[in-house]
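Chain by chain, the residues run as shown.
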Amino acid sequence: MKDQYGRIIDYMRISITDRCNLRCRYCMPEGVELVPMKNILSYEEIEMVCQAAAKAGIRKFKITGGEPLVRLGCPELIGKIKKIPGVEQVTMTTNGVLLSKYLPELLKNGLDAVNISLDTLDRERYQAITGRDELFRVLESVDQAVDAGIPVKINSVLQKGMNEDEFLALARLTLEKKLDVRFIEMMPIGKGRECDGISNDDLLREIQKQYPGVCKDDRVHGNGPAVYYHIPGFIGSVGFISAIHGAFCSSCNRIRMTATGDLKPCLCYRDTV
Ligand code: SAM
Ligand code: SF4
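My aim in this report is to walk through the structure given alongside it, one point at a time. (Residues numbered from 1 in each chain as written. Chains lettered and ligands numbered in written order. Predicted model: local features only at pLDDT ≥ 70, side-chain atom pairs only at ≥ 80, totals over all residues. Heavy atoms only, no water.)

**Some details on the overall build of the protein chain**
Part 1 of the argument: Per the secondary structure count, the protein chain includes 8 helices and 11 strands.
Part 2 of the argument: Look at the contacts in the protein chain between residues 6 or more apart in sequence, and 71% of them connect residues 24 or more apart.
Part 3 of the argument: Per element, the accessible surface of the protein chain, about 12900 Å² overall, is 52% carbon and sulfur.
Part 4 of the argument: Of the side chains in the protein chain, 37 bear a positive and 36 a negative charge, and the two mean positions are spaced by 4 Å. (Helix = DSSP H or I, 4+ residues; strand = E, 2+ residues; numbered from the N terminus. Contact = heavy atoms within 4.5 Å. Areas by Shrake-Rupley, 256 points an atom, 1.4 Å probe, with all protein chains shown as cover. Lys, Arg positive; Asp, Glu negative; His and termini not counted. Charge placed at Lys NZ, Arg CZ, Asp CG, Glu CD.)

**Remarks on the site of ligand 1**
Part 1 of the argument: Taken together, 19 residues lie around ligand 1, and Tyr-26, Gly-66, Thr-94, Ser-117 and Met-187 are the ones closest in.
Part 2 of the argument: In the model, a nitrogen atom of ligand 1 is placed 3.3 Å from a nitrogen or oxygen of the Glu-67 side chain.
Part 3 of the argument: At 3.2 Å, a backbone N or O of Thr-94 approaches an oxygen atom of ligand 1.
Part 4 of the argument: Protein burial of ligand 1: of its 550 Å² of free accessible surface, 96% is covered by the chains.
Part 5 of the argument: Every element with two or more residues in the shell around ligand 1 is listed here: strand S3 (89–94) and strand S5 (152–157).
Part 6 of the argument: Taken together, the residues of the shell around ligand 1 break down into 8 nonpolar, 9 polar and 2 charged. (Near = heavy atom within 4 Å. Polar contact = N/O pair within 3.5 Å; in protein donor to acceptor, adjacent residues only side chain to side chain. Nonpolar A, V, L, I, M, F, W, Y, C, P; charged D, E, K, R; others polar.)

**Examining the packing of helix H3 (residues 99–108) against helix H5 (residues 135–148)**
Part 1 of the argument: Remark: H3 packs on H5, axes separated minimally by 9 Å, with the N-to-C direction vectors making an angle of 25°. The orientation of H3 with respect to H5, classified from their angle, is roughly parallel. Note on packing geometry: the crossing formed by H3 with H5 is right-handed. Of H5, the residues touching H3 (which contributes Leu-99, Ser-100, Leu-103 and Leu-107) are Glu-140, Ser-141, Gln-144, Ala-145 and Ala-148.
Part 2 of the argument: Grouping the amino acids of the contact of H3 with H5 by side-chain chemistry returns 5 nonpolar, 3 polar and 1 charged. (Axes fitted to C-alpha atoms, helices over the stretch in contact; angles between N-to-C directions. Parallel < 35°, antiparallel > 145°, perpendicular 65-115°, else oblique. Left-handed = near helix turned anticlockwise from the far one by under 90°.)

**Considering empty space enclosed by the protein**
Part 1 of the argument: In the structure shown here, the tally under the stated rule is 1 cavity of 30 Å³ or more.
Part 2 of the argument: Here the largest cavity is characterised by a volume of approximately 30 Å³.
Part 3 of the argument: Contributing to the lining of the largest cavity are Ser-156, Leu-158, Phe-183, Ile-184, Glu-185, Ile-198, Asn-200 and Leu-203.
Part 4 of the argument: Tallied by class, residues from the lining of the largest cavity come to 5 nonpolar, 2 polar and 1 charged. (1 Å grid on protein atoms, 1.4 Å probe; cavity = no way out; pocket = protein on both sides within 12 Å on 5 of 7 lines; lining within 4 Å. Points joined across faces, edges and corners; volume = space filled by probe spheres on them.)

**Notes on the pattern of salt bridges**
Part 1 of the argument: Using the criterion set out here, one finds 12 salt bridges in the structure.
Part 2 of the argument: A salt bridge links Arg-125 to Asp-165; the shortest N-O distance between them is 2.8 Å. Pair noted here: Arg-125 is in helix H4 (residues 123–130) and Asp-165 is in the loop between S5 and helix H6 (167–171), with a separation of 40 residues, a long-range link.
Part 3 of the argument: Owing to a relative accessible area of 24%, Arg-125 belongs among the partly exposed residues under this scheme.
Part 4 of the argument: Among the salt bridges present, the one from Glu-134 reaches Arg-137, with a minimum N-O distance of 2.7 Å.
Part 5 of the argument: You can call Glu-134 buried: its relative accessible area is 18%.
Part 6 of the argument: We classify Arg-137 as partly exposed; its relative accessible area is 35%.
Part 7 of the argument: Taken together, the salt bridges that share partners define one network made up of Arg-125, Asp-165 and Glu-166. (Salt bridge = Lys/Arg side-chain N within 4 Å of Asp/Glu carboxyl O. Buried < 20%, exposed > 50% of the residue type's maximum accessible area, 1.4 Å probe, protein only.)

**Comments concerning the site of ligand 2**
Part 1 of the argument: Every residue close to ligand 2 is listed here: Cys-20, Leu-22, Cys-24, Cys-27, Met-28, Gly-66 and Asn-95.
Part 2 of the argument: Classifying every residue of the shell around ligand 2 gives 5 nonpolar, 2 polar and no charged.

**Regarding the layout of surface pockets**
Part 1 of the argument: Approximately 520 Å³ is the volume attributed to the second largest pocket.
Part 2 of the argument: As for the second largest pocket, its lining consists of 30 residues, of which Pro-151, Val-152, Lys-153, Asp-180 and His-221 are closest to the centre.
Part 3 of the argument: Looking at the lining of the second largest pocket, the elements that each hand over two or more residues are strand S2 (60–64), S3, strand S4 (113–117), S5 and strand S6 (180–184).
Part 4 of the argument: Split by residue class, the lining of the second largest pocket holds 10 nonpolar, 11 polar and 9 charged.

All we've got here are geometric facts, nothing functional implied.
Structural data, given as structure tokens:
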């Protein structure tokens with residue numbers, strides 16, 4: 001499928017719920033208004049959209065939210081999408097809180113890869129950023145997903161005065177674990193407008209200072225616009241999704257659907273992670 005700019009669109013990101021079990025300060029803080037349940041697409045409706053999308057040339061689907069794993073039956077939905085003719089890959093973006101619980105079912109239903117959001121390795125900071133004391137569960141999920149052998153990417157959003165000093169500790173997760181860590185620039189969207197992000201250019205410069213041998217990693221790491229670097233001796237790579245300071249719209253390959261069924265082109269961070 002080609003859009004009006006000649007870009008090939010073969011990747012669809014589907015939000016299956018606007019609900020979440022965390023309250024990240026830059027995304028969905030306490031008191032956020034939720035869509036009435038009657039307006040959320042049923043799984044049957046989502047499956048029908050996926051069937052039509054696959055006929056139109058979509059080959060890869062990303063399941064997201066809100067938090068996709070708070071909606072019961074998510075693994076079965078993934079299994080159904082995987083069986084649609086033409087579908088090559090179904091992946092998920094999750095905050096990881098419920099991932100270890102559902103991982104066996106997700107794998108059984110054919111989940112191909114997972115992105116796990118993790119902004120800090122410090123328990124108190126995690127609670128300050130997400131409003132919940134769930135860091136240990138997320139770390140457990142990361143290890144289990146890596147052990148299961150599927151591709152794992154950690155998504156980290158850095159904020160000034162909150163976790164900006166943790167970029168090296170987060171990058172160092174790639175030293176011994178078979179995963180990639182990607183830094184996503186804070187997008188001034190919704191509550192993100194009230195948070196100060198860090199430029200990925202500055203971050204890369206700091207990483208280069210610390211690890212002068214770091215070099216561009218041109219291997220394919222997924223379907224997104226991240227630019228990857230590899231630190232010699234490390235297992236995984238460090239990626240940068242520079243929604244603010246990097247221009248990647250011309251190579252965009254995706255479309256997204258909200259939990260209420262609105263189809264949108266890729267215009268913001270929600271389509272990049
Ligand atoms: N709940 C799941 C999770 O956290 O991975 C999936 C949905 S969440 C909206 C997807 C990603 O968007 C997360 O990695 C989150 O950090 C990121 N995100 C949310 N608000 C953002 C913002 N204003 N700027 C940049 N990234 C943001
Ligand atoms: Fe929930 Fe993900 Fe938003 Fe955090 S970033 S509030 S985990 S949807």
